[in-house]
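Here are the chains, one letter per residue:
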Amino acid sequence: MKIAVIIAEFNPLHKGHEYLIQQTRALTDCTHIIVVQTGNFTQLGEPAIIEKHLRAQSAVMCGIDAVIEMPTAFATANIEVYAKAGVQLANVIPHASYLVFGVEDNNMAILKEIAYVKLKQSHEYEKYLKIHLKAGLSYVAAQGEVIKKLLPKIPPAVITRILNGANNILAIEYLRELYRLKSNIQPVAITRFQKGKHETNTTALAIRDAYYANNLSFEDHIPAQVLPFIMESIEKHPIKEMFESTILFNTLNELDVRQTNDVTPDIVNMFRTRRPVTYQQLTTAVQNTNYTPKHVKRVALHATLGITQKDINLIYQNNYLPYTNLLAIRSDAHELFNELTSIRHTPVVTHGNRNRPVMNKYCLRLRQIDQRATTLYEISCKQRFSQQPLYVNTQTTPSEPIISDEPIPTPTDTTTETTENEN
């Protein structure tokens, strides 16, 4: 068994994701692909347009073998924390051989150099970064200047081009965490899906924006085999007005400069002096080049969910996650199911699994945040969702049920237990 791992949101799954899955099969000798997916709230600090189990189901329908969940506290944090959590989960999966990710600029050698210098010269990196930020540069521009200083042999134009790609930046963080963990997982970069000679404009963000603006032809962007399913599922998206009103109220009344993750006195002062009465006003309230609307959205969500800097620090104090939830798996993937439920270091939570999480403070705190997120999402959707893993029958025809009536059998004590990857 050789497993390739993809860290993703699939919000929603589109043809670019389908291409990534196809290329993972083509370019590696993997026997299975597992996705580490965010839950009902994403790295942008927004509610997912489709509930997490249903997004996982669409992934399995498009060729993924199993989907596990990244805890909410880390899934909604900045790129560094998001990447750290994703790689730590990948690193405990038995037989994990590859970490596959999309990039705009497929120059693995330079991506690795940047990741390595950020890890090995972290003190110098942080020192110079602060200098450039104080000089008034945006975070992206400041980061570029620091990398150019620490890697003078790489042409500055090349560094600028690489750091202008959001997927490139995420890839660098994946590589940095692989280096830090001394992992044996091999990174595999795949250039983003191209249509003819021009890169497609299909992104999950563009699809969501077009959907909310009632200006979208799904047929052009969603894989045909899941198009009806995704169109049906997307109708259950969170009622944005209710979600945004809740976030706005909680942010203005519960934001704590001493605790809320990623908050600063500048953000708090701006919120309190401008007193936004719409969510759009909230996300544009901070007039400072160091804070993007994405940053402000994450702060607002973390204020509502009660995610503190202390909670985020847990991932730096530990090199593992205390659990992960199984969201979906192929109904015939018996061997893979047995391997996943045998993991001891980061138990996979599912009905009847052999190993269960140790209920220490780390685990209990992350689960409390997950539960708050589930409650907020269901209230926003005005609908309850099942919290059980989905066992997906990928051999169905359109007239047959997608969810198997016969879930994967629970592993027995006689099953050979495989030690998890200690890379």
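None of these values were measured; they are calculated from a predicted model. (Residues numbered from 1 in each chain as written. Predicted model: local features only at pLDDT ≥ 70, side-chain atom pairs only at ≥ 80, totals over all residues. Heavy atoms only, no water.)

**A word on the overall build of the protein chain**
Part 1: Per the secondary structure count, the protein chain includes 18 helices and ten strands.
Part 2: Across the 423 residues in the protein chain, those meeting the buried criterion constitute 56%.
Part 3: The contacts in the protein chain between residues at least 6 apart in sequence include a share of 77% that link residues at least 24 apart.
Part 4: Total accessible area computed for the protein chain in this model is approximately 19000 Å², and 50% of it derives from carbon and sulfur atoms. (Helix = DSSP H or I, 4+ residues; strand = E, 2+ residues; numbered from the N terminus. Buried < 20%, exposed > 50% of the residue type's maximum accessible area, 1.4 Å probe, protein only. Contact = heavy atoms within 4.5 Å. Areas by Shrake-Rupley, 256 points an atom, 1.4 Å probe, with all protein chains shown as cover.)

**What about unusual backbone geometry?**
Part 1: Here the residue pair Asn 11 and Pro 12 is connected by a cis peptide bond, since its omega of 0° sits within 30 degrees of zero.
Part 2: Tracing the backbone shows Pro 12 in the loop between β1 (3-8) and α1 (15-27).
Part 3: One non-glycine residue with positive phi stands out, namely Lys 182, at about 55°.
Part 4: Mapped onto the elements, Lys 182 comes out in the loop between α9 (166-181) and β5 (186-191).

**Quick notes on the packing of helix α4 (residues 79-92) against α9**
If you want to describe how two helices pack, look at the angle between their axes and the distance between the axes.
Part 1: Contact geometry for α4 and α9: axes closest at 9 Å, N-to-C directions at 50°. Taken as axis vectors, α4 and α9 run oblique relative to one another. When the axes of α4 and α9 are compared, the crossing they make is right-handed. Counted together, Ile 79, Glu 80, Tyr 82, Ala 83, Lys 84, Val 87, Gln 88 and Asn 91 of α4 and Ile 169, Leu 170, Glu 173, Tyr 174, Arg 176, Glu 177, Leu 178, Arg 180 and Leu 181 of α9 form the full contact between these two elements. (Axes fitted to C-alpha atoms, helices over the stretch in contact; angles between N-to-C directions. Parallel < 35°, antiparallel > 145°, perpendicular 65-115°, else oblique. Left-handed = near helix turned anticlockwise from the far one by under 90°.)

**Details of the packing of aromatic side chains**
Each aromatic ring pair is specified by the distance between its two centres and by the angle formed by the two planes.
Part 1: Per the stated rule, a full pass over the model turns up eight aromatic pairs.
Part 2: Between the aromatic rings of Phe 101 and Tyr 174, the centroid separation amounts to 5.7 Å while the plane-to-plane angle is 45°, which identifies the pairing as tilted. With a gap of 73 residues between them, Phe 101 in strand β4 (residues 96-103) and Tyr 174 in helix α9 connect regions that are remote in the sequence. There is no split in this pair, since Phe 101 and Tyr 174 are both buried.
Part 3: Grouping aromatic residues by their ring pairs yields a cluster made of Phe 41, Phe 243, Tyr 279, Tyr 377 and Phe 385.
Part 4: The ring of Tyr 128 carries the charged tip of Lys 149 above its face, separated from the ring centre by 5.0 Å. (Phe/Tyr/Trp six-rings, centres within 6.5 Å; stacked < 30°, edge-to-face > 60°. Lys NZ or Arg CZ within 6 Å of the ring centre and 35° of its normal.)

**Remarks on the pattern of salt bridges**
Part 1: According to the stated counting rule, one finds 17 salt bridges in the structure shown.
Part 2: Its salt-bridge partner being Arg 365, residue Asp 311 comes within 2.8 Å of it at the nearest N-O pair. Here the residue Asp 311 occupies a position in helix α16 (residues 309-317), and Arg 365 occupies one in helix α18 (residues 361-381), the gap between them amounting to 54 residues.
Part 3: Each of Arg 25, Asp 65, Arg 330 and Asp 332 takes part in a single network of salt bridges with overlapping partners. (Salt bridge = Lys/Arg side-chain N within 4 Å of Asp/Glu carboxyl O.)

**Quick look at α18**
Part 1: Compared with the 30 Å implied by 1.5 Å per residue over 21 residues, the 30 Å span of α18 between its first and last C-alpha is a close match.
Part 2: For α18, the set of buried residues is Tyr 362, Cys 363, Leu 366, Ile 369, Asp 370, Ala 373, Thr 374, Leu 376, Tyr 377, Glu 378, Ser 380 and Cys 381.
Part 3: Buried residues belonging to α18 abut α2 (52-61), α3 (72-75), α12 (240-254), α15 (293-305), α16 and β8 (324-330).
Part 4: Phi turns positive one or two residues past the end of α18, at Lys 382, with a value near 55°. (Expected span 1.5 Å × (residues − 1).)

**What to know about the nonpolar core**
Part 1: Core analysis: the biggest nonpolar cluster contains 99 residues, and Met 70, Phe 74, Leu 99, Phe 101, Tyr 174, Phe 271 and Leu 340 have the highest contact counts within it.
Part 2: Contacts of Tyr 174, omitting those with residues within four sequence positions, involve Ile 7, Tyr 82, Ala 83, Val 87, Leu 99 and Phe 101.
Part 3: Formed by 36 residues, the second largest nonpolar core is a distinct cluster that contains Ala 4, Leu 20, Ile 207 and Ile 234. (Core = buried A, V, L, I, M, F, W, Y, C linked by side-chain atoms within 4.5 Å.)

**Comments concerning the pairing of strand β2 (residues 32-37)**
Successive side chains on a regular strand alternate, one facing one side of the sheet and the next facing the other.
Part 1: Of all six residues making up β2, six are buried, and the element is well covered by its neighbours.
Part 2: Of the two faces of β2, the one lined by His 32, Ile 34 and Val 36 and the one lined by Ile 33, Val 35 and Gln 37 are each fully buried.
Part 3: Where β1 and β2 come together, six bridges link them in parallel fashion. Opposite Val 5, over in β2, you have Ile 34 as the bridge partner.
Part 4: Crossover β1 to β2 through α1 is right-handed.
Part 5: Across four bridges, the pairing between β2 and strand β3 (residues 66-69) is parallel. In the sheet register, Gln 37 faces β3, and the bridge partner there is Glu 69.
Part 6: Where the polypeptide runs from β2 across α2 and back to β3, its parallel neighbour, the crossover connection is right-handed. (Pairing = 2+ DSSP bridges. Right-handed = clockwise from strand over helix to strand, strands pointing away.)

**What about the confidence of the model for the protein chain?**
A low pLDDT score tells you not to read the predicted coordinates there in detail.
Part 1: Chain-level pLDDT for the protein chain is 86 on average; 89% of the residues reach the 70-or-more range.
Part 2: Counting interchain partners and residues more than four positions distant, the pLDDT-below-50 stretch residues 196-200 has six contacts.
Part 3: Note that pLDDT drops below 50 for residues 397-401; the model gives that stretch two contacts with residues more than four away or on any other chain. (pLDDT = per-residue confidence, 0-100.)

**Topic: α15**
Part 1: Compared with the 18 Å implied by 1.5 Å per residue over 13 residues, the 18 Å span of α15 between its first and last C-alpha is a close match.
Part 2: Of all the 13 residues making up α15, eleven are buried; the element is thus mostly covered by neighbouring parts of the structure.
Part 3: Residues His 295, Val 296, Lys 297, Arg 298, Val 299, Ala 300, Leu 301, His 302, Ala 303, Thr 304 and Leu 305 constitute the buried set of α15.

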